[in-house]
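# A closer look at the structure
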Amino acid sequence: MKLDNIVIDSLEYKNSLLYIFYKNYYGYEKYFNKVLILKDVKNFTYTIEELAYHTEMYGFLNELELEAFTRVFYRNKKLNKLYIFDANYSVTIIEFSKKMNWRNQKRWWDGIQI
């Protein structure tokens, strides 16, 4: 399933697992409730600030030489972080405790439909 437009409802952290509850919009006012489960999470932050005022995101844009974020998920392999941008201009930054093997992930971005 393609993630064009998501809105994060809530985040729960238990035993190094991060549960991200979100709505996956596929049309106007049409969405699925889903849960994304990430393991080996060391630290995470969630902000509702606009991207222009978030210093880490501004630096990440400059590092990648991008003018704007066009996807929902971005990863930084050097810092071992995952960045999630939702439709409300909120940013979730997730840092993993272990080196993430991105190539072996089995469609983790699809989440679980609830």
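Every chain begins its residue count from 1, and numbering advances along the sequence as written. In keeping with the predicted nature of the model, local features appear solely for residues at pLDDT of at least 70, side-chain atom pairs appear and are counted solely at 80 or more, and the whole-chain, interface and lining totals rest on all residues. Note that the side-chain values use all heavy atoms of the structure and ignore hydrogens as well as water.

### Describing the nonpolar core
The term nonpolar core refers to a set of buried residues drawn from Ala, Val, Leu, Ile, Met, Phe, Trp, Tyr and Cys, joined through side-chain atoms within 4.5 Å. Each residue's exposure class comes from its accessible area (1.4 Å probe, protein chains only) as a fraction of the maximum for that residue type: buried when under 20%, exposed when over 50%, partly exposed otherwise. Judged by nonpolar contacts, the single largest core of 15 residues is most densely connected at Ile 20, Leu 36, Leu 38, Leu 82, Ile 84, Ile 94 and Phe 96. Only DSSP runs of H or I reaching four residues or more are called helices, and only runs of E reaching two or more are called strands; each is numbered from the N terminus. Per-element tally for this core: the top contributor is strand S2 (residues 17-27), with three residues. Counting six residues, the second largest nonpolar core, distinct from the first, contains Tyr 74, Tyr 83, Val 91 and Ile 93.

### Re the pairing of strand S6 (residues 81-85)
Of all the five residues making up S6, five are buried; the element is thus mostly covered by neighbouring parts of the structure. Here S6 shows two buried faces, one formed by Lys 81, Tyr 83 and Phe 85 and the other by Leu 82 and Ile 84. Only when DSSP finds a minimum of two bridges between them are two strands counted as paired. Two strands pair when backbone bridges link them, and strand S5 (residues 73-76) and S6 are joined in this way by four bridges, in the antiparallel orientation. The residue bridging Tyr 74 from the neighbouring strand is Tyr 83, located in S6.

### A closer look at the confidence of the model for the chain
Predictor confidence is given residue by residue as pLDDT, running from a minimum of 0 to a maximum of 100. Taken over all residues, the pLDDT of the chain has a mean of 76, while the share at 70 or more is 68%. The element-level mean pLDDT for the chain is lowest in strand S8 (residues 112-113), coming to 56, with strand S1 (residues 5-14) highest at 89.

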